Amino acid sequence: MTLAGRRPAAAALALCLLAFVGVGPAAIPTSAAAQRAAAPTSAVARSPDGRIVATVGVHTTPDGRTVPAYRVSYRGAPLVDASDLGLDFADGGPFGPGARIASVTHAAHDAVAHGLLGKASAARDHYRETTVALVEDAAPHRRVDVVFRAYDDGVAFRYHVPAQPGLAEFTITEERTHVALDPQSQAYALQRSGFVSSYEGFYTVAPLREIPADTLLALPVLFHHPGGAWLAVTEADLTDYAGMYLSRVQQAPGVLASRLSPWPGTPNVKVRARAPHDSPWRVLMIADAPGRLVESNLVTLLNPPSAIGDASWVRPGKTTFPWWNDYVVPDTVPFKGGLNTATTKYYIDFCAAHGIAYHTLDGFQDTAWYGGRIDPGDEHPDVTRALPTIDLPEVLRYAKARGVRLRVWTHWKALRPQLDTALARYERMGIEGIMVDFMDRDDQDMVAFYHEVVAKAAAHHLTVVFHGAYKPTGLSRTYPNLMTVEAVMGLEYDKFDGSKGVTPSHELLVPFVRMLAGPLDFHQGGFRYVTERAFHPQYTGPRVIGTRARTLATYVVYEDYLPMMADAPSAYEGQSGLDFVAGVPTTWDETRVLNADVGHVITIARRRGTTWYVGTMTDGAARAVDVPLRFLGPGPYRADVYGDVPDAPAELQHATRLVTAADVIPAHLAPAGGHAIRLTPARAGDALSRDSRDR
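Let me begin by describing the structure that accompanies this report. Since we're looking at a predicted model, the values are computed, not measured.

## Some points on the nonpolar core
Grouped burial of nonpolar side chains is what soluble globular proteins tend to show.
Here is step 1 of the chain: Tyr70, Phe148, Leu222, Tyr426 and Phe466 are the most contacted members of the largest nonpolar core, which has 189 residues in total.
Here is step 2 of the chain: Of the residues forming this core, the biggest block, eight residues, is contributed by helix α10 (residues 444-459).
Here is step 3 of the chain: In this structure Leu222 touches Gln186, Ala187, Tyr188, Trp230, Leu231, Ala232, Leu293, Phe512, Val513, Leu516 and Val598, once residues within four positions along its chain are discounted.
Here is step 4 of the chain: With 19 residues, the next largest nonpolar core counts Val625, Leu632, Ala639 and Leu669 among its residues.

This is the structure we're talking about:
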């Protein structure tokens, strides 16, 4: 019987709950027994459609301890087995063992959230909430609440430490959150050797039982349950807390335990806080197909609404980024590419000619645009003053006259000591936004720095990009000026010595794993192509594995409010597909996943206004994929179709035709290939069909 068809009988479910609770009042004193008898022994949070059920009760561990725990079922079948809940406090010891349910409250919410960036401009925020108050039987009778929210596309829970005597200020040394899965589940995970991490690396694909124990798994982690369900684990609303990783328990091949990132220099201190205080949401995204996870807005919805009021000044778009191509300029220009006024104006001219909103000042040959080494160490460079070779006032005047806005890169160590003065001066100068780089941490102190940056940047009408960063947790909903976050092994790795390049299979895992957390900056836009076999790293003018149609598709497939056009203007000028790349939107009203085979192929359709864009990517294998157009509205549409040319990766097949929602467009993809479509409502006189081969 399929997973979708299984439904437990009411009696069987009741027996399951009794077995889960597992401990009764007989062995405790009479007064406590009376309290326990009056209190519930379990609680349930059920999704609005009834398919996802989270049950909270008391679990007896193999060593005989009783601890709070939760289970999750999907479509009537077990998905997450009994999984511990709890917190370890520096004072008073662990909370969890010996705790009981003191009370349960329920709530429900159904509204439409507007103003979301990225994959949707509006999303239904519909959940049922259950709050379980846990109280220790033994003195000092500490209380911790666990709040569960069940949505149709997942379940999330968080710890709430209420104000109470003896717990006004506290230190958390670890979190006892577990996720117990079938050890046969296929895992898609980014393994890390320590907590200092940029979240950049290849993903491990293996059964959960084969993941090395005690290895840190960076979130999100994707799992495919043997019963057919898909589950992704991540976190949302990471505020005043430490980032969470997972680590497989040695003695239990299917159990993952939480590991919080420690404060620098104090490995046993994870969170310092005052009550009342909330942990981030521990998010379990659940679906019967991986494409539904990609469509989900759950991580975003679990964050507070916008804190900046009128955000009309936030204007997503694309940016040139000369660091990636190493400031390449053609031999015909009378200047040398690098950190100078002439090179910057050259890039601004390219932006103005093609409607690219932004240009970014970065570093070159280990020198920051503001002087000093890229990593300043203990130095304190002034991040508001450009090198003498860059006439910054003239560059800003020139950019404004050409309708282009300037963004600037900074190392976080250089920015933090002068954050307030730098942001204020950037605003006065007319700089649009900042890229902050090389944090490589997600401890509580660094998390606080992220929040400080986006909040203070918003006060100065500046947008923010984080590189060398931890994964997004939905902060862009609260601060829409946070445009994108790196936290992925992107195309910068095509530059570095010893790299085998960003492989096609890696690029087909990214949408299903990393992108579930939120927008990603991938250093997109390379227009020079090689096969996977012929690839070798090249720092100046790097090559990318794939095809021109694949590059076009990435701007639809990857969610990014400020994607780069990272290659040199000379690589783009006169080339096929430039008009598509320059014109494709970066935020969307609606997102649909049409084809989804994790690590192998993906097709995503995204709508902006009345225009749809569709992108398809494949791994290293050639594929024929059907693109059904049933998402279209009524009436005919003009379809501009861009496809691969066999054995000519830098060329495009371009066709135009009239289509309707009843049509299916075939996509024939080369190895590491792609396919892109732009669909606009047809106008009188649109050609029925035109095919060409663009160079």
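Still to come is the rest of the account.
## Concerning the environment of Val314
Here is step 1 of the chain: Mapped onto the elements of the fold, Val314 is located in the loop between α4 (298-301) and β22 (319-320).
Here is step 2 of the chain: The class for Val314 is buried, based on a relative accessible area of 10%.
Here is step 3 of the chain: In sequence terms Val314 and Asn481 are 167 residues apart; their C-alpha atoms lie 5.9 Å from each other.
Here is step 4 of the chain: Residues in contact with Val314, not counting those within four places in the same chain, are Thr463, Pro480, Asn481 and Met483.

## Thoughts on the sheet that holds strand β28 (residues 463-466)
Here is step 1 of the chain: Overall, parallel pairing links the seven strands, which are arranged β29-β28-β27-β26-β23-β22-β32 in an open sheet. Only two strands of the sheet have a single partner each, and these edge strands are β29 (482-485) and β32 (564-565).

## As for the side chain of Glu136
Here is step 1 of the chain: The residue Glu136 is located in strand β8 (residues 122-136) in this model.
Here is step 2 of the chain: For Glu136, the side chain forms a polar contact with the side chain of Arg142, separated by 2.7 Å.
Here is step 3 of the chain: Beyond its immediate chain neighbours, meaning those up to four positions away, Glu136 contacts Pro94, Phe95, Gly98, Ala99, His141 and Arg142.

## Concerning the pairing of strand β11 (residues 169-175)
Here is step 1 of the chain: In the sheet, strand β5 (residues 87-89) pairs with β11 via three bridges, with the strands oriented antiparallel. Among the inter-strand pairings, Leu87 is bridged to a residue of β11, identified as Glu175.
Here is step 2 of the chain: In the sheet, β11 pairs with strand β19 (residues 271-274) via four bridges, with the strands oriented antiparallel. For Ile172, the partnering residue across the bridge sits in β19 and is Val271.

Parameters and conventions
- Residues numbered from 1 in each chain as written.
- Predicted model: local features only at pLDDT ≥ 70, side-chain atom pairs only at ≥ 80, totals over all residues.
- Heavy atoms only, no water.
- Core = buried A, V, L, I, M, F, W, Y, C linked by side-chain atoms within 4.5 Å.
- Buried < 20%, exposed > 50% of the residue type's maximum accessible area, 1.4 Å probe, protein only.
- Helix = DSSP H or I, 4+ residues; strand = E, 2+ residues; numbered from the N terminus.
- Contact = heavy atoms within 4.5 Å.
- Pairing = 2+ DSSP bridges.
- Polar contact = N/O pair within 3.5 Å; in protein donor to acceptor, adjacent residues only side chain to side chain.

Everything listed here is a matter of geometry and, on its own, says nothing about what the molecule does.
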